[in-house]
Amino acid sequence: MLARKILLGTLGIGIFLLIWHLATLGNSRTDVPGPWLAFNGLIELAGQGVLWRYVIASVFRVAWGFFLAAIVGIPLGLAIGWSLWIRELLNPLVQALRPISPIAWLPIAVLVFGGVQWWEPSDLAAIFLIFLASLFPIVTAATSSVGAIDEKYLRAAENFGVRGLPLLRLVILPAALPQILTGLRLAMGIAWVVVVAAEMLGVQSGLGFQINDSRNNLRYDFVVAAMLVISVIGMLLDAAMSRIERTSLARTGMARR
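Basis of the calculations
Residues numbered from 1 in each chain as written. Predicted model: local features only at pLDDT ≥ 70, side-chain atom pairs only at ≥ 80, totals over all residues. Heavy atoms only, no water. 1 Å grid on protein atoms, 1.4 Å probe; cavity = no way out; pocket = protein on both sides within 12 Å on 5 of 7 lines; lining within 4 Å. Points joined across faces, edges and corners; volume = space filled by probe spheres on them. Helix = DSSP H or I, 4+ residues; strand = E, 2+ residues; numbered from the N terminus. Nonpolar A, V, L, I, M, F, W, Y, C, P; charged D, E, K, R; others polar. Buried < 20%, exposed > 50% of the residue type's maximum accessible area, 1.4 Å probe, protein only. Polar contact = N/O pair within 3.5 Å; in protein donor to acceptor, adjacent residues only side chain to side chain. pLDDT = per-residue confidence, 0-100. Salt bridge = Lys/Arg side-chain N within 4 Å of Asp/Glu carboxyl O. Contact = heavy atoms within 4.5 Å.

Participant: Explain the layout of surface pockets to me, using residue names and the numbers behind them.
Facilitator: Roughly 420 Å³ of volume is contained in the largest pocket. If you go around the largest pocket, you meet 15 residues; those closest to its centre are Ile 13, Leu 17, Leu 228, Ser 231 and Val 232. Sorting the residues of the lining of the largest pocket by element identifies α1 (2-23), α2 (35-48) and α10 (220-251) as the ones contributing at least two each. For the lining of the largest pocket, the leading source of residues is α10, giving eight residues. Considering only residue class, the lining of the largest pocket consists of 14 nonpolar, one polar and no charged. Looking at the second largest pocket, the residues that line it are Lys 5, Ile 6, Gly 9, Ile 13 and Met 235.

Participant: Account for the side chain of Arg 61, with residues named and values stated.
Facilitator: Looking at the element boundaries, Arg 61 is found in helix α3 (residues 50-82). Note on Arg 61: relative accessible area 1%, which makes it buried. Polar side-chain contacts of Arg 61 include one of 2.8 Å to the side chain of Glu 199.

Participant: Give a description of unusual backbone geometry that names residues and reports values.
Facilitator: Positive phi outside glycine occurs at Leu 218, with the angle close to 60°. Residue placement: Leu 218 occurs in the loop between α9 (207-216) and α10. For Leu 218, a relative accessible area of 46% corresponds to the partly exposed category.

Participant: Kindly report on the confidence of the model for the protein, identifying the contributing residues and their values.
Facilitator: Detailed reading of the predicted coordinates is not advisable wherever pLDDT is low. Confidence along the protein averages 85 in pLDDT terms, with 91% of residues attaining 70 or more. Ranking the helices and strands of the protein by mean pLDDT puts α3 first, with 92, and helix α7 (residues 151-159) last, with 72.

Participant: A description of the pattern of salt bridges should follow, citing residues and the corresponding values.
Facilitator: Per the counting criterion, the structure on display carries five salt bridges. In this structure, the salt-bridge partner of Asp 238 is Arg 185, at a minimum N-O distance of 3.0 Å. Here Asp 238 is found in helix α10, whereas its partner Arg 185 is found in helix α8 (residues 164-198), with 53 residues between them in sequence. What makes Asp 238 partly exposed here is its relative accessible area of 34%. For the salt bridge of Asp 221 with Arg 219, the shortest nitrogen-to-oxygen distance reads 2.8 Å. For the residue pair Asp 221 and Arg 219, the accessibility class agrees, reading buried in each case. Linked by salt bridges that have partners in common, Glu 44, Arg 219 and Asp 221 make up one network.

Participant: Residues and numbers for the side chain of Ser 205, please.
Facilitator: Among the structural elements, Ser 205 can be located in the loop between α8 and α9. Exposure remark for Ser 205: the relative accessible area of 0% places this residue in the buried category. A polar atom in the side chain of Ser 205 sits 2.8 Å from the side chain of Arg 61.

Participant: Account for the environment of Arg 219, naming residues and giving values.
Facilitator: In this fold, Arg 219 is placed in the loop between α9 and α10. Owing to a relative accessible area of 14%, Arg 219 belongs among the buried residues under this scheme. Discounting residues that sit within four places of it in the chain, Arg 219 has contacts with Arg 29, Glu 44 and Ser 214.

Here you go:
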């Protein structure tokens, strides 16, 4: 089964590369480049040393934005799902803000945070956008997870005198964990997509900046090379979140087969 999976995956990638090669045959690096030109561009970027610095900058921003969204979003979502008055107070606001694209906040983020020096100017603007992009999937997943808990478990716990924080720790959190972890994994994917767009304006580093700068200099081989790096890192981040999800569920006896 594993060999078949690897073989079919390799075949799919090979077919894509062949179509890409044929569609861009004869193009130069100022046009849409073929696979070989993109690979050479990747080697050149790596040799210049800027690629690694930009990768670190993008991962740094995603890590901070995602971490802040998790520590805010999980408790907020659990509170909205559990308490009727908190749900009536905050859920309309969450639903009103959730449809707004995080990129739409970009001018405001640059205006508010653009002049703040942290590691680099406008780091906080990008982190703010990643925070917003990650927050709402996490809040929604946590809220829905509480609503999906079977009432019989809550009633059984209350019959044994389990209430308040012990109820949250012993019943609600374990029952909500699978859906919360799925929300975190989804939020990580969205965060990695948003950081590229956020870095195209107002920052001087990161993979999004590399794409924008390369486009302005008509180095489309660098553009596609950066896209390839984004793809690989995105796959690694998703694999890491999937591993965390499986490990956490296994520890609670809820591992998926």
